[in-house]
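# Architecture at a glance
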Amino acid sequence: MTAGETPGGSGTKSTETPDVDDPLYIHPTDTVTGTIITFKLLGTKNFRVWKSAMTRALKAKNKLGFVDGTVKKVENDPIKSLKWERANVVVCSWLLGSISETIYAGHAGSEKAIEIWNELNETYFKCDGSVIFNIHQRINSLTQSGLSVSDYYNKLDSLWKEFDGLTNLTECVCAASTPLINHSKLMKLMQFLSGLDDCYNQVKSHILLTNPLPNVRNAFAIISREESFQKNGSMSNTSNNSKSQTTIVFNSKLNDNKRNKGPNQGLQCKHCGIKGHTIEKCYNSERSFSGNNVVSPNTDTCSSNVNVSDFRSLTQEQFTKLLQLIGDKQSMDEVTASANMAVDHPNGSTAKIQKIGNLNLSNKLTLFDVFVVPEFNDSQSTETVETGNEGGGLYYLNSTPSVKVKVVKSDNGTEFINHKIKDLFNSKGILHQTSCVYTPQQNGVVERKHRHILNISRSLLFESGLPIKFWGDANSAKYTGHVFVYGYWVF
């Protein structure tokens, strides 16, 4: 066929302008090697999404008629028949190029696009009760779980659209359509809010108290602004911490540089002749510790391996006691306390420490690492003060004070404002008070008290030398008059 001839081979030149709106028209960019969607069909799990995306792409290319049967081959017109076959091959290539390799093998022999389309529909399109149930269950069980608000909303929105596509309800135009639409919007709003993380509880309460309630898109916009605000706050804190750490590192390096400069070469000792110090600080001179009541480096109690410069602020008596403690460390379980070691009573009197170490109360009971103070309070009497049990290395008293809840003050969250909580408080004689709406100052009071309680718990663990596993015991061991528990006060 020469240039200018028609596909039918008539030999006459075609002077007609191509109709770009004709489904048989093939644009120069419509090639068999290209793809028109960005993902591939994997099977039943993404067929509905793949079909929706492919339908839109074919409609944009004006080739949807090749898969739904509206554009048919004209057998009695050779020119149109040839154009149809060319366009059909292009559509078949698009369909086969958008499916996975495992699915491709079963449809590679099909010659018509409508056959491939129908076979894929029959194989992978399932719309029964189990599919609808699974999607509905995924909608109700979906939670944010650390995802960004945008990713969480997009997942939920795709499930909503997939569920609506399966149910395929007829659009209602009667007067009852408005309440039905409002009910559907309300359900979507509740599903969106119920799956958010706990850090958005305060914003959720404000949204639920709004009258009228916003739609799910407006709620998403509000939550997104709150997420952006929280991220900006955390980035600011991280920046401040980074600056403080940089300052610490800089100061540390500066101090290291000062220490690495070495001795002052402008000074020279008149006793030993070495540069860097004077005779007052010479370690080879007997005058180095004179006038300060400090032990001499040549004393008999000092070991030759001890750096005396580290003990220049100790007196003779303190230095001797320190060496005794170091020498007796191996037999610490049987250390006898010094005569001047004592503990003070609250009334001003003192009690002598008899022993530091392990105390055998009986053949079966030994107290480890204790101070033995026989004169302390009523330890000489035979009266039982308290009874307790040992558990996990900690002694628990059997008697615990009883606390009666009188007042509970909470915010206006729905977990506190409901009939069950109201009936419970009434049955127990508890007064329920709520904070004022849009009053963040009251939250500051709760946060400060919460911080006070945590500080007390940390102090108890630190002073007692207990590990972190006793954190719950430290919280339950204190009674401050009122306790903060997950957003509300108990008096």
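Here the structure is shown first, and the text comes after it.
Residues numbered from 1 in each chain as written. Predicted model: local features only at pLDDT ≥ 70, side-chain atom pairs only at ≥ 80, totals over all residues. Heavy atoms only, no water.

## Thoughts on the nonpolar core
Counting residues in each nonpolar core, the largest one holds 27 residues, and the members touching the most others are Leu41, Trp50, Phe66, Val91, Leu95 and Leu120. Listed by contribution, the elements that provide at least two residues to this core are α1 (47-60), α2 (65-68), α3 (78-97) and α5 (113-124). The element best represented in this core is α3, accounting for eight residues. Apart from the residues lying within four places of it in its own chain, the contact partners of Val91 are Leu58, Lys63, Phe66, Val67 and Ala113. Listed in part, the 22 residues of the second largest apolar core include Leu159, Leu196, Ile207 and Phe220. (Core = buried A, V, L, I, M, F, W, Y, C linked by side-chain atoms within 4.5 Å. Buried < 20%, exposed > 50% of the residue type's maximum accessible area, 1.4 Å probe, protein only. Helix = DSSP H or I, 4+ residues; strand = E, 2+ residues; numbered from the N terminus. Contact = heavy atoms within 4.5 Å.)

## A look at the packing of helix α7 (residues 149-167) against helix α8 (residues 177-194)
α8 packs onto α7 with a crossing angle of 145° between their chain directions and a minimal axis gap of 11 Å. Of the two possible hands of crossing, α7 and α8 adopt the one that is right-handed. For the pair α7 and α8, the contacting residues are Val149, Tyr152, Tyr153, Leu156, Trp160 and Asp164 in the first and Lys188, Gln191 and Phe192 in the second. (Axes fitted to C-alpha atoms, helices over the stretch in contact; angles between N-to-C directions. Left-handed = near helix turned anticlockwise from the far one by under 90°.)

## What to know about the pattern of salt bridges
Scanning all chains against the criterion turns up six salt bridges. Note that Asp30 is salt-bridged to Lys61, the shortest N-O span being 3.1 Å. Separated by 31 residues along the polypeptide, Asp30 in the segment before α1 and Lys61 in the loop between α1 and α2 bring together distant segments of the chain. Exposure remark for Asp30: the relative accessible area of 10% places this residue in the buried category. On the basis of relative accessibility, which here comes to 30%, the residue Lys61 falls in the partly exposed class. Glu85 is the salt-bridge partner of Lys73, the closest N and O atoms lying 2.6 Å from each other. In this pair, Lys73 sits in the loop between α2 and α3 while Glu85 sits in helix α3, placing the two residues 12 residues apart along the sequence. (Salt bridge = Lys/Arg side-chain N within 4 Å of Asp/Glu carboxyl O.)

## What about helix α6 (residues 129-141)?
The end-to-end C-alpha distance of α6, which contains 13 residues, comes to 18 Å, matching closely the 18 Å that a straight helix rising 1.5 Å per residue would cover. Looking at the buried residues of α6, the elements they touch are α1, α7 and α8. (Expected span 1.5 Å × (residues − 1).)

## Quick look at the packing of α1 against α5
Relative orientation of the contacting elements α1 and α5 amounts to 160°, with a least axis distance of 11 Å. Relative to α5, the element α1 lies roughly antiparallel. Between α1 and α5 lies a crossing whose hand is left-handed. Here Phe47, Trp50, Lys51, Met54, Thr55 and Leu58 of α1 come into contact with α5, specifically with Trp117, Leu120, Asn121 and Tyr124. For the contact of α1 with α5, the per-class residue count stands at seven nonpolar, two polar and one charged. (Parallel < 35°, antiparallel > 145°, perpendicular 65-115°, else oblique. Nonpolar A, V, L, I, M, F, W, Y, C, P; charged D, E, K, R; others polar.)

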